[in-house]
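Coordinate analysis (summary)
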Amino acid sequence: MSLHTVIRQLHTPLRAVLHSRTLISGRTYGAVAQARSVLESELDTIRAAGTWKGERVITSKQGAHISVDGSSGDILNFCANNYLGLSSHPEVIQAGIEALQRYGAGLSSVRFICGTQDLHKNLEQKLAQFHEREDCILYASCFDANAGLFEVLLGPEDAVLSDELNHASIIDGIRLCKAKRFRYKHMDLKDLEEKLKESQSSRLRLVVTDGVFSMDGDVAPLVGICDLAEQYGALVFIDECHATGFLGPRGRGTDELLGVMDKVHIVNSTLGKALGGAAGGYTVGPKPLIELLRQRSRPYLFSNSLPPPVVGSATRAVELLLASNEIAQSMAAKTKRFRTTMTQAGFTIAGAAHPICPVMLGDARLASVIADDMLKLGVYVIGFSYPVVPKGKARIRVQISAAHTDSDIDRAVDAFIQTGRKHGVIS
């Protein structure tokens, strides 16, 4: 066979391959263009609805007073979940530094392989002590703790009864389990009882609620919930992310506030708010449950261990609260001051007696504009709108911190009054 013939025979399939690749490449680029068009259309819809969520850039550590990129001077922060001001507490910071120096930046592994250190076990012990429960398991976040619990605890023969306004992480976690699902009306004990009656044939029944509902700052009726659970033989679970550290006489949470610590069986909460503000979540409850979670909870088994600096900082935060309830007790008076003066000024504040103080506005665009005007006056707040809250329920969610002074609170109220009058919210 001549060289010319060989080249001609090779050229024909090669040309076909190149043509095929061109077609595939064209289809790929076409798919990308189509996806881009769909995504841009969805983004335009969000912008047009006034629900676009921009991210401001903070150029300082978290605290009651911060620096914000593009804004000059000292900015008052009334938007963080830093309830106790521990995110920048000197002892909390120092504990993180010492943990970094002694234990390194991270474990590079999951807990059961080579990712557990003595400081992880120490924090778990202190959290169990703090909540007065048998045992504790750490997660990368409370979102993960909620995602990892229900699938392990509940099977097809069980039932879960969930408040309709529970946090998204609870909803997602429940979707992963095979239990029969019952959703009761928000904080409606009568409806909960009906659902308990409907589910009486189930093996295990778990009533699930936020201790404090983060969008409105309202507190779950735990006394009634626990009474019904006891009457119908159900377990009780609460998510305490917006209660741990500052609700109750010793800051133990909603169950302590309402006197039902012995009737709530499982508590999930976070290290990322009042307890240092870095990251991490956990479950506390009966020891057999915690041991089973260590064996089967997917977010625990397949996520890297919490970094030592995070664990060190959180441990010191818990130690401060175990040693004294002074910080937790300072919250009530400051919360009352803000709620009272804002109500007297003519604003509608949702919830009651909780540091989450939603200033209800209704209109998403108005909430965004007022938040921008507040920043110009040196007060950092954010407008909350759909899908974070229901349509027509837009608000600015103010959050009081133990680090705020009375003058900080008064300055924020004055800024609200000024912007509220400007936009016709109050007269």
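First things first, this report covers the structure right here in the doc. Just so you know, the residues in each chain are numbered from 1, in the order the chain's sequence is written. Owing to the predicted nature of the model, reporting of local features is limited to residues with pLDDT of at least 70; listing and counting of side-chain atom pairs is limited to 80 or more, with chain, interface and lining totals taken over all residues. No hydrogens and no water enter the side-chain calculation; it runs on all heavy atoms of the structure.

This part takes up the overall build of the protein. Secondary structure follows DSSP: runs of H or I at least 4 residues long count as helices, runs of E at least 2 residues long count as strands, and numbering of each begins at the N terminus. When helices and strands are counted, the protein shows 15 helices and 15 strands. For the C-alpha atoms alone, the extent of the protein along its principal axes is close to 95 × 55 × 55 Å. A total of 427 residues make up the protein; the buried ones form 49% of that total. Every accessible area reported is derived by Shrake-Rupley at a probe size of 1.4 Å, with residue values counting cover from the shown protein chains alone. Of the roughly 20200 Å² of accessible surface on the protein, 54% is carried by carbon and sulfur atoms. The sign given to each residue is positive for Lys and Arg and negative for Asp and Glu; His and the chain ends receive no count. Taken as the charge centre is NZ of Lys, CZ of Arg, CG of Asp or CD of Glu, depending on the residue. Once the 47 positive and 45 negative side-chain charges of the protein are each reduced to a mean point, those two points are 7 Å apart. Note on classification: 1.4 Å probe, protein chains only; a residue is buried when its accessible area is under 20% of the maximum for its type, exposed when over 50%, partly exposed between these limits.

Turning to the pattern of salt bridges, a few remarks are in order. We count a salt bridge whenever a side-chain nitrogen from Lys or Arg sits within 4 Å of a carboxyl oxygen from Asp or Glu. Taken as a whole, this structure holds 25 salt bridges when the rule is applied. In this structure, R56 engages D372 in a salt bridge whose closest nitrogen and oxygen atoms are separated by 3.3 Å. Taken together, the residues R56 in the loop between α1 (3–48) and β1 (65–66) and D372 in helix α14 (residues 364–376) connect sequence positions 316 residues apart. We note a salt bridge from E132 to R250, for which the minimum N-O separation is 3.0 Å. Of this pair, E132 sits in the loop between α4 (118–131) and β3 (135–139) while R250 sits in the loop between β9 (235–239) and α9 (254–257); the two residues are 118 residues apart in sequence, bridging distant segments of the chain.

Bringing the sheet that holds strand β5 (residues 180–184) into the picture now. By the convention used here, strands pair only if DSSP detects at least 2 bridges between them. Spatial strand order, β3-β11-β10-β9-β6-β4-β5: seven strands in an open sheet with mixed pairing. One side of each edge strand has no neighbouring strand; the edge strands of this open sheet are β3 and β5. Within the sheet, the average angular offset between the axes of one strand and its neighbour, ignoring direction, is 20°. Most of the contacts of α4 go to β3, to which it runs at about 125°, and overall it touches β3, β10 (266–270) and β11 (281–285). Note on contacts: a residue pair qualifies if any of its non-hydrogen atoms lie within 4.5 Å across the two residues. Convention adopted: a line fitted to C-alpha atoms gives each axis, helices being fitted over their contacting stretch, and angles between N-to-C directions are expressed from 0 to 180 degrees. Along the sheet face, helix α7 (residues 189–198) touches β4 (159–163), β5 and β6 (205–210) and points at about 160° away from the line of β5.

Spatial ordering of the open sheet is given by β12-β15-β14, a layout of three strands whose pairing is antiparallel. Of all the strands in the sheet, just β12 (356–362) and β14 (383–384) have a single pairing partner and so form its edges. In terms of strand pairing, β14 meets strand β15 (residues 394–399) through two bridges, oriented antiparallel. By the bridge assignment for β15, G383 is matched with I396. Each of β12 and β15 is contacted by helix α13 (residues 326–345), which is oriented at about 20° to β12, the strand it contacts most.

Let us look at a nonpolar patch on the surface. Put simply, a patch holds well-exposed residues, over 30% relative accessible area, that have no salt bridge, with like charges counted together within 9 Å and Val, Leu, Ile, Met, Phe, Trp or Tyr side chains within 5 Å. Residues V223, L257 and L258 make up a contiguous nonpolar surface patch of about 210 Å² in total accessible area. Its location among the elements puts V223 in helix α8 (residues 222–232).

Structurally, K273 is set in the loop between β10 and β11. Measuring from C-alpha to C-alpha, the distance between K273 and L235 comes to 26 Å, with 38 residues separating the pair along the chain. Setting aside its immediate chain neighbours within four residues, K273 contacts N81, N82, Y83, C241 and H242.

It is worth spelling out the packing of aromatic side chains at this point. A pair of Phe, Tyr and Trp rings is counted when the ring centres sit within 6.5 Å of each other, with Trp represented by its six-membered ring. The angle between the planes then sorts it: under 30 degrees is stacked, over 60 is edge-to-face, the rest tilted. Inspection of every chain in the model, using the stated rule, returns five aromatic pairs. Ring plane angle 70° and centroid distance 5.9 Å describe the contact between F347 and F416, whose orientation is recorded as edge-to-face. Of the two residues, F347 is situated in the loop between α13 and β12 and F416 in helix α15 (residues 406–422); the sequence distance between them amounts to 69 residues. Residue F347 is classed as buried on the basis of its relative accessible area, which comes to 6%. Two conditions define a charge sitting above a ring: the NZ of Lys or the CZ of Arg must be within 6 Å of the ring centre, and it must be within 35 degrees of the ring normal. Above the face of the Y386 ring, K391 is positioned so that its terminal group lies 4.8 Å from the ring centre.

This part takes up the side chain of S214. Positionally, S214 belongs in the loop between β7 (212–213) and β8 (218–219). What S214 contacts, discounting residues up to four positions off in sequence, is H167, H242, I356 and R397.

This part is about α14. Expected helix span is taken as 1.5 Å per residue step, with the number of steps being one fewer than the number of residues. The end-to-end C-alpha distance of α14, which contains 13 residues, comes to 19 Å, matching closely the 18 Å that a straight helix rising 1.5 Å per residue would cover. Taken residue by residue, α14 has A364, A367, I370, A371, D373, M374 and L375 as its buried positions. On the buried face of α14, the contacting elements are β2 (75–77), β12, β13 (379–380), β14, β15 and α15. The backbone nitrogen of R365 lies 3.2 Å from a side-chain oxygen of the residue at the head of α14, namely D363. Two residues or fewer past α14, G378 is found with a positive phi of approximately 90°. As used in this structure description, the phrase polar contact means that two N or O atoms lie within 3.5 Å; if the pair is within protein, one of them must be able to donate a hydrogen and the other to accept it, and residues adjacent in sequence are counted only when both atoms belong to side chains.

So, on to the pairing of β9. Two faces belong to every sheet, and in a regular strand the side chains alternate between them. Taking burial as the measure, the five residues of β9 include four buried ones, the bulk of the element. Here β6 pairs with β9 via five bridges, running parallel. The residue bridging L206 from the neighbouring strand is L235, located in β9. Where β9 and β10 come together, three bridges link them in parallel fashion. Counterpart to D239 in the pairing with β10 is N268.

It is worth spelling out unusual backbone geometry at this point. A cis amide bond links Y386 to the next residue, P387, at an omega of 10°. Tracing the backbone shows P387 in the loop between β14 and β15. For E132, which is not a glycine, the phi torsion comes out positive at approximately 60°.

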